[in-house]
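# Overview (structure and organization)
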Amino acid sequence: MSSLWLPILMAVPVLGAIVVALLPKGSTTLAKQVTLLVSLVVLALTLVMAFQFPNAAGERFKFEATYDWIPSFGVHFGVGVDGIALVLIALSAVLVPIVVLASWHDADGVKAADGTVVAPKRSVKTYFSLLLVLEAMMIGVFAATDVFLFYVFFEAMLIPMYFMIGSYGGAQRSYAAVKFLLYSLFGGLLMLVAVIGLYVVAGQGTFMFPELVGAIQDPATQKWLFAGFFIAFAIKAPLWPVHTWLPDAAAQAPAGAAVLLVGVLDKVGTFGMLRFCLELFPDAAKAFTTPIIVLAVISIIYGAIVAIGQTDMKRLIAYTSISHFGFIVMGVFAMSQVAQAGAALYMVNHGFATGALFLAAGFLIARRGSPHIADYGGVQKVTPVLAGFFLVAGLAGLSLPGLSSFVSEFMVMIGTYSSEAFGSGALAAAAIVSALAVILAAVYILWMVQRALNGPTAEPVKAFKDLNAREVWVLAPLVALIIGFGFFPKPLLDVINPAVTSTLVNVQVHNPGVAEKGAGQ
Amino acid sequence: MNPTIEFPTIEYATLAPLLLVFGAAILGVLVEAFAPRYLRKSFQVPLTLLSLIGAFALVIVQVVRGDLPTGPVAMGALAIDGPTLFIWGVILVLSAVCVLLINDEGHFVASAASVPGSADEEGAERAGHEHTEVYPLALFAVGGMLMFPAANDLLTMFVGLEVMSLPLYLLCGLARRRRLLSQEASMKYFLLGAFSSAFFLYGAAMVYGYAGTVSFAGISQAMAQGALLDPLLLLGFSLLGVGLLFKIGAAPFQAWKPDVYQGAPTPITALMASGTLVAAVGALLRVFWVGLGNLDWNWRPVLWVVAALTMMVGAVIAITQTDIKRMLAYSSIAHAGFLLVGVLATYDTGAGNAVSLQAILFYLLVYGVATVGAFAIVTLVRDPGGEANHLSRWAGLGKRAPILSGVFAFFLLAFAGIPLTSGFFGKYALFTAAIGSGQEAGDSLGAWMTGLVVVGVIASAIAAFFYVRVIVLMFFNEPAADGPAIAVPSTGTVTVITLSLLVTVGVGVFPEPVLQLANTAASSLFIR
């Protein structure tokens, strides 16, 4: 029995992209309106689907649909979602309309403070149709239940993002775009070798994920294939030491594209680790846990320390994300129910929090034409609404209790600390060290807030106008979600937990958390 | 002795495509000799196109009828089997498309014999002269391309090689602009090509000395019975390898490719980059798989090194290129390397070999089509002095001609092997075949095959850099004030580009029909 939900969810943005691309020349406002409408339709469909999720048919994957695509290669167009994929699709669907609103003028060109043109005016239609194509691919990559299909989306989604950064970004845009593409492509190609290896060694003649789970038994083969997948995901996530493309790409991308890049595209990396690295190669995952946890802790601390030293707001936010991705990776590989659920929840919450912060910073930058923190000061007195949103988003970034990121960060740390997966103190030690990052987070966020928003009002800042209605509509939903899920994360966790449980069953980790849950239900 | 001479049997129906192309070429020569100058073009163009299309139709008829000969035809000279028919179809389509490009104005010199820049040349240009010999020459080259991979013995293969190469040497020197460069390219190609032909011939002689026959089946049989480490055989097959690897432009025999691709008139470059490559890979397969199949534990390690070297040399040197045609030449070298990965992917079983062969055939088709499309676009970007081939001239082209640049970018992404383009599936199929062959129990290369695929993906990543660089230039840079003009494309060129784009997109999304076709062609394997 196949459900049409997911194919429709992907077809709508693609059709929207075609419509936008075919609009007559010069109809820029219409292009924006159509894009917004399409993205809202996708959001509405996603929400309806999400509410049906608990009752939908299917064991682990629901809304499944599988069609033969390339029988010669054993490739299917196979889609279906578990809880983790569902919340990430919902995250994408929420972020896209917000990004559309936020990017209303992104294609109009960027001018520096002194009036020199940083980025010339570009085609509005192209930008928005790329955005819609990207949305379809984001949904597809999380929904794919066929490893090959996942790979196709994983690689293909680089192209629209590449053009969004390269054509519409800041002064260093083409450097940043090329760096982004080459890093990701290199990782992707290594993954291609592993994908082929998986197919050949498994010898199942199919790429369907459920049939490949447990297909590779030989430990040495598992390790090689795991490495191929993991390197690609680590570059995508990004994990230290392959993170250097992110600050460049995020700083040069227009704010809206940066939100999708950091908020959704990078999550494909951590999602892939959880879904593919752990479940397809459980023994290798366990064997490599220690070095990966070490890399994650380094990312957490390194990202936080380097963020403190940044003078450019967008780069600063990018480095905070590297720190946060460290937490997510640590949670994934801690192999306990709480830590993995925390990591999955973190993927969503980080999308909201960092998205809000990027967008608030973007609005600030749009008013001054400079990303440097030193060019601001006393913004709070001139534009209290903007400053307020910025502050809340910042506090979410440092995981203040009561805001959504806190719940997930806490779960990751507790889950890692108490994980008995390896019966050693190593994970506890990792959790303790990573807790230091909480203090560092307070430093980088509050210091930026202090320098940019407080203090004497800088001369150019005096002319700032506060947020207009469009901009409020961009930030308000995100802040509402941040506060809402901060106090009441249960709906998300209810969806995520069963998926994490089945992941852990496939990994075959002895996990007391699962037994308790099972007994309680 | 025996007084009676056996009358040769020729299977005319089976050979019809080949005979049609050669017949039309000879007719073309007669047209040159007897038709008045002003009428020649209106004879030549339809004659050339119709013969190519007709030959393609004859191939289709054979495919549909499906009763392929089970043994070699024409007294054992040619083997018309599934792979041959597929390769013929591909070559005929690609060359017909290239003829549409050749047909465009302004690619060929008005009077090849006059000194560049002389009054003679100017006069010929003013009088509107053109060398309509180009058409029969191209037809002879195509005929050679058809014969080369279909040959069933080394001598026929040599004849095919020469019939294919000689007209190409000449065509390379006929560019209208930058004639000295073109003539230099022609000279280089001729000298190096003559060397490689000599290597091939030496190799054939030595293998004959070993096996006592030049037919591939005979050689294979001799090896099944005789010693495998005979110096005559080893030397012979290395020399044969040199000759063939030269034709596909594998390292270290790749030096001619950039110079020749750059100097030759772009339609001819397109013909060489697509048709010649397809033909040469077909011939390579026949020699190594059919003739030397029993020796594969011996030549595969050598070819491993050549393939790795070719991919890396092509990808790395392309980065430093500043001329679009040279860049595409190095890209073609890298792709020859990818194809060699497929040639290496031999199995112990026929079914396994069919998988590799399917991958190679599929790759040849998609790469050839994208190449022709890319070169067709190169012909359209022009300066007053001819094509604007310097990369710096392409800056900001995305703003001047968004559709054209978009299509070109798409071809580049296909070369880079990005998913949802045909190139991705080509690469995927080849790499899968290679890893699978290494996984076979007792394979002589084993994990080295996976290593070669890793080299391949690293080369792909490097190659992606220079493809992307062109996209950056076209889309992210500002156009120069006196940028090149985009010529209004003729109907022929539009057809070429549209066709290439449709295939590249279509196969990129739904590769299954073409894969099935390649599979059908490959499953019968080569006639032995």
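Residues numbered from 1 in each chain as written. Chains lettered and ligands numbered in written order. Predicted model: local features only at pLDDT ≥ 70, side-chain atom pairs only at ≥ 80, totals over all residues. Heavy atoms only, no water.

Stated formally: UniProt positions are given in the numbering used here, feature names are shortened, and annotations may be inferred rather than shown by experiment.
Named according to an unreviewed UniProt entry, chain B is NADH-quinone oxidoreductase subunit N originating from Nonomuraea harbinensis. The Sequence similarities (unreviewed entry) field of the UniProt record for chain B holds the comment "Belongs to the complex I subunit 2 family." The Catalytic activity (unreviewed entry) field of the UniProt record for chain B holds the comment "a quinone + NADH + 5 H(+)(in) = a quinol + NAD(+) + 4 H(+)(out)".

Per an unreviewed UniProt entry, chain A goes by NADH-quinone oxidoreductase subunit M and derives from Nonomuraea ferruginea. You can read under Sequence similarities (unreviewed entry) in the UniProt record for chain A the words "Belongs to the complex I subunit 4 family."

### Description of the interface of chain A and chain B
The cut-off we apply is this: Residues are treated as being in contact if the distance between any of their heavy atoms lies within 4.5 Å. By buried area we mean how much accessible surface two parts lose on assembly, using a 1.4 Å probe and totalling the loss over both. The working definition used for a salt bridge is a side-chain nitrogen of Lys or Arg within 4 Å of a carboxyl oxygen of Asp or Glu. Pairs of N or O atoms are called polar contacts if they sit within 3.5 Å, as long as, within protein, a hydrogen donor faces a hydrogen acceptor (for residues adjacent in sequence, only side-chain-to-side-chain pairs).
Of the residues lining the interface, 37 residues belong to chain A; the matching set on chain B comes to 36 residues. Interface of chain A and chain B: buried area, both sides summed, is about 3100 Å²; carbon and sulfur atoms make up 82% of it. The interface formed by chain A and chain B holds zero salt bridges in total. Counting across the interface, chain A meets chain B through three residue pairs in polar contact (both at pLDDT 80 or more).

### A closer look at the side chain of Lys179(A)
To keep things clear, this is the line we draw: In this description a helix means any DSSP run of H or I spanning at least four residues, a strand means any run of E spanning at least two, and both kinds are numbered starting from the N terminus. Any residue under 20% of the maximum accessible area for its type is buried, any over 50% is exposed, and the rest in between are partly exposed; the area is computed with a 1.4 Å probe on protein chains only.
Within the fold, Lys179(A) resides in helix α7 (residues 173-202). When its relative accessible area of 18% is taken as the criterion, Lys179(A) is described as buried.

### What about a nonpolar patch on the surface?
Inclusion rule: Patch building starts from residues that exceed 30% relative accessible area and form no salt bridge, then joins like charges within 9 Å and nonpolar side chains (Val, Leu, Ile, Met, Phe, Trp, Tyr) within 5 Å. Only the protein chains shown count as cover for residues, with accessible areas throughout obtained via the Shrake-Rupley method and a probe of 1.4 Å.
A surface patch of nonpolar side chains, amounting to about 490 Å² of accessible area, comprises Val433(A), Leu436(A), Val438(A), Ile439(A), Val443(A) and Trp447(A). Within the element layout of this structure, Val433(A) appears in helix α19 (residues 426-453).

### Digging into the pattern of salt bridges
Per the stated rule, a full pass over the model turns up 16 salt bridges over all chains. Across the pair Arg367(A) and Glu471(A) runs a salt bridge whose closest N-O atoms are separated by 2.8 Å. Taken together, the residues span a long stretch of sequence, with Arg367(A) in helix α15 (residues 337-368) and Glu471(A) in helix α20 (residues 469-487) at a distance of 104 residues. Given the relative accessible area of 22%, Arg367(A) is considered partly exposed. The salt bridge partner of Arg126(B) is Glu122(B), with a shortest N-O separation of 3.6 Å. Here the residue Arg126(B) and the residue Glu122(B) both occupy positions in helix α4 (residues 119-126), the gap between them amounting to four residues, near one helical turn. On the accessibility criterion, Arg126(B) (66% relative accessible area) is exposed. For Glu122(B), a relative accessible area of 49% corresponds to the partly exposed category. The network of salt bridges with common partners includes Arg60(A), Asp82(A), Arg275(A) and Glu279(A).

### Some remarks on the nonpolar core
Operational definition: We call a set of buried residues a nonpolar core when its members are Ala, Val, Leu, Ile, Met, Phe, Trp, Tyr or Cys and they connect through side-chain atoms within 4.5 Å of each other.
Counting residues in hydrophobic clusters, the biggest one holds 409 residues, and the most contacted among them are Tyr162(A), Phe229(A) and Phe333(A). A total of 19 residues in this core trace back to one element, the largest contributor, which is helix α14 (residues 350-378) of chain B.

### Points about the packing of helix α13 (residues 289-308) of chain A against helix α14 (residues 313-333) of chain A
Residues and elements named next belong to chain A. Quick reminder of the rule: Helix axes are fitted to C-alpha atoms over the stretch in contact, other axes to C-alpha atoms as well, and angles between N-to-C directions run from 0 to 180 degrees. In these notes the angle categories are as follows: under 35 degrees is roughly parallel, over 145 is roughly antiparallel, 65 to 115 is roughly perpendicular, and the rest is oblique. Take the far helix as the reference: if the near one is turned anticlockwise from it by less than a right angle, the crossing is left-handed, and if turned clockwise, right-handed.
Viewed as axis vectors pointing N to C, α13 and α14 meet at an angle of 155°, and their least axial separation amounts to 7 Å. Relative to α14, the element α13 is oriented roughly antiparallel. The interaxial crossing formed by α13 with α14 has left-handed handedness. Contacts between α13 and α14 involve Thr289, Ile292, Ile293, Ala296, Val297, Ser299, Ile300, Tyr302, Gly303, Ala304, Val306 and Ala307 from the former and Leu316, Tyr319, Thr320, Ile322, Ser323, Gly326, Phe327, Val329, Met330 and Phe333 from the latter.

### Remarks on the sheet that holds strand β3 (residues 485-486) of chain B
All names here are of chain B. For the record, the criterion: Two strands make a pair as long as DSSP finds a minimum of two bridges between them.
On the basis of which strands lie adjacent, the open sheet formed by three strands has the order β2-β1-β3 and antiparallel pairing. On the outer flanks of this sheet lie β2 (386-387) and β3, each paired with one strand and no other. Strand direction decides the pairing type here: strand β1 (residues 381-383) and β2, joined by two bridges, are antiparallel. Pairing of Asp383 across the sheet is with Gly386, part of β2.

### Examining empty space enclosed by the protein
Where we set the bar: Only protein atoms enter the calculation, which uses a 1 Å grid: trapped sets of points that fit a 1.4 Å probe without letting it out are cavities, open sets showing protein on both sides within 12 Å along at least five of seven lines are pockets, and any residue with an atom within 4 Å of a point is a lining residue. Grid points are joined across faces, edges and corners, and a volume is the space filled by probe spheres set on the points. Gly falls in the polar group here, along with every residue not listed as nonpolar (Ala, Val, Leu, Ile, Met, Phe, Trp, Tyr, Cys, Pro) or charged (Asp, Glu, Lys, Arg).
Tallied over the full model, the rule gives five cavities of 30 Å³ or more. Taken together, His335(B), Tyr363(B), Val366(B), Tyr367(B), Ala370(B), Ala414(B), Phe415(B), Ser422(B) and Gly423(B) make up the full set of residues lining the largest cavity. Listed by contribution, the elements that provide at least two residues to the lining of the largest cavity are α14, α16 (402-416) and α17 (422-439) of chain B. Residue contributions to the lining of the largest cavity peak at four residues, all from α14(B). Split by residue class, the lining of the largest cavity holds six nonpolar, three polar and no charged. In this structure, the second largest cavity spans a volume of roughly 50 Å³. If you go around the second largest cavity, the residues you meet are Ile317(A), Thr320(A), His324(A), Ala353(A), Thr354(A), Leu357(A), Ala393(A), Gly397(A), Tyr444(A) and Ile445(A). Grouping the amino acids of the lining of the second largest cavity by side-chain chemistry returns six nonpolar, four polar and no charged.

### Section: the UniProt feature "domain: NADH:quinone oxidoreductase/Mrp antiporter transmembrane" (unreviewed entry) in chain B
Per the UniProt annotation, the sites labelled "domain: NADH:quinone oxidoreductase/Mrp antiporter transmembrane" (unreviewed entry) are residues 151-439 of chain B. Helix and strand shares over residues 151-439 of chain B are 78% and 2% respectively, and the end C-alpha atoms of the span are 32 Å apart.

### What to know about the packing of aromatic side chains
Pairs of aromatic rings are described using the distance from one ring centre to the other and the angle between the two planes. Worth spelling out the cut-off: Side-chain rings of Phe, Tyr and Trp, where Trp is taken by its six-membered ring, are said to pair if the distance between their centres is within 6.5 Å; with planes under 30 degrees apart they count as stacked, over 60 as edge-to-face, and otherwise as tilted. When the NZ atom of lysine or the CZ atom of arginine is within 6 Å of a ring's centre and also within 35 degrees of its normal, the charge is said to sit over that ring.
A full pass over the atoms with the stated rule returns 53 aromatic pairs over all chains. With centroids separated by 6.4 Å and ring planes inclined at 80°, the aromatic side chains of Tyr261(B) and Phe375(B) adopt a geometry described as edge-to-face. With Tyr261(B) in helix α10 (residues 256-263) and Phe375(B) in helix α14, the pair connects residues that are 114 residues apart, well separated along the chain. You'll find Tyr261(B) and Phe375(B) in the same group, each marked buried. The interplanar angle of 50° and the centroid separation of 5.6 Å between the aromatic rings of Tyr367(B) and Phe415(B) together place this pair among those described as tilted. Here the residue Tyr367(B) occupies a position in helix α14, and Phe415(B) occupies one in helix α16, the gap between them amounting to 48 residues. By the burial criterion, Tyr367(B) is buried, and Phe415(B) matches it. Every member of this aromatic cluster is reached through a ring pair, and the members are Trp69(A), Phe73(A), Phe148(A), Tyr151(A), Tyr199(A), Phe207(A), Phe424(B), Phe425(B) and Tyr428(B). Its end group placed over the ring of Phe53(A), Lys62(A) keeps NZ or CZ at 5.0 Å from the ring centre. Residue placement shows Arg275(A) over the ring face of Phe209(A); its charged tip is 5.5 Å from the ring centre.

### Observations regarding unusual backbone geometry
Residue and element names in this part refer to chain A. Pro238 follows Ala237 through a cis peptide bond whose omega is -15°. Relative to the assigned elements, Pro238 resides in the loop between α9 (219-236) and α10 (245-252). Put simply, Trp240 and Pro241 share a cis peptide bond, and its omega is 5°. Of note, Pro241 is situated in the loop between α9 and α10. Within the chain, Phe63 stands out as a residue other than glycine whose phi angle is a positive 55°.

### Some points on the confidence of the model for chain A
Fine structural detail should not be taken from predicted coordinates in areas where pLDDT scores are low. Residue and element names in this part refer to chain A. To keep it simple, the criterion reads: Summary of the metric used: pLDDT quantifies the predictor's per-residue confidence within the range 0 to 100.
Here chain A averages 84 in pLDDT, and 94% of its residues register 70 or above. Here helix α22 (residues 512-520) stands out as the element of chain A with the lowest mean pLDDT, 40, in contrast to helix α5 (residues 147-156), whose mean of 91 is the highest. Segment residues 512-521 is flagged for pLDDT under 50; beyond a separation of four residues in sequence, or across chains, it makes six contacts in the model.

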